[in-house]
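Here's the letter readout for the chains.
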Amino acid sequence: MQANPTPAESTTMFNEAELASRWKISVRTLQDWRRRKTGPRFVKLQGWAVRYPLQAVIDFEEQSVRLVN
């Protein structure tokens, strides 16, 4: 029998607070990144509700990995 997915595993979209919590940063940082167009891709619903698709979050995390020699 398969265990129930955790909330993080079943999430397909994050709101600002959820993503800020995942990355342990402030919502203001995410807002600033959107303004500067440097953060992860996002969707704006009904002109104001910002959501971050799970795949966009994963892609951004992978692109942000830095290898140190």
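Our structure's up above, just so we're on the same page.
Remember, predicted model here, so these are calculated numbers, not experimental data.

Our focus in this paragraph is the packing of helix α2 (residues 16–23) against helix α4 (residues 54–64). At their nearest, the axes of α2 and α4 sit 13 Å apart, and the two run at 30 degrees to each other. Judged on the interaxial angle alone, α4 and α2 are roughly parallel. Considering the relative orientation of α2 and α4, their crossing is right-handed. In this structure, α2 contributes Leu19, Arg22 and Trp23 to the contact, and α4 contributes Val57, Phe60 and Glu61. In the contact of α2 with α4, the residues fall into four nonpolar, no polar and two charged.

It is worth spelling out the packing of α2 against helix α3 (residues 27–36) at this point. The contact between α2 and α3 brings their axes to 8 Å, and the two run at 105 degrees. With respect to α3, the element α2 is oriented roughly perpendicular. Judged by residue contacts, Glu16, Ala17, Leu19, Ala20 and Trp23 of α2 engage Val27, Leu30, Gln31, Trp33 and Arg34 from α3. Residue composition of the contact of α2 with α3, by class: seven nonpolar, one polar and two charged.

As a general point, the strands of a sheet are linked pairwise by backbone hydrogen bonds and lie either parallel or antiparallel. Spatially, β1-β3-β2 is the arrangement adopted by the three strands of the open sheet, whose pairing is antiparallel. The outermost strands of the open sheet, each flanked by one partner alone, are β1 (13–14) and β2 (43–45).

What counts, and where the lines are drawn
- Residues numbered from 1 in each chain as written.
- Predicted model: local features only at pLDDT ≥ 70, side-chain atom pairs only at ≥ 80, totals over all residues.
- Heavy atoms only, no water.
- Axes fitted to C-alpha atoms, helices over the stretch in contact; angles between N-to-C directions.
- Helix = DSSP H or I, 4+ residues; strand = E, 2+ residues; numbered from the N terminus.
- Parallel < 35°, antiparallel > 145°, perpendicular 65-115°, else oblique.
- Left-handed = near helix turned anticlockwise from the far one by under 90°.
- Contact = heavy atoms within 4.5 Å.
- Nonpolar A, V, L, I, M, F, W, Y, C, P; charged D, E, K, R; others polar.
- Pairing = 2+ DSSP bridges.

Any functional reading would require information that these geometric values do not contain.
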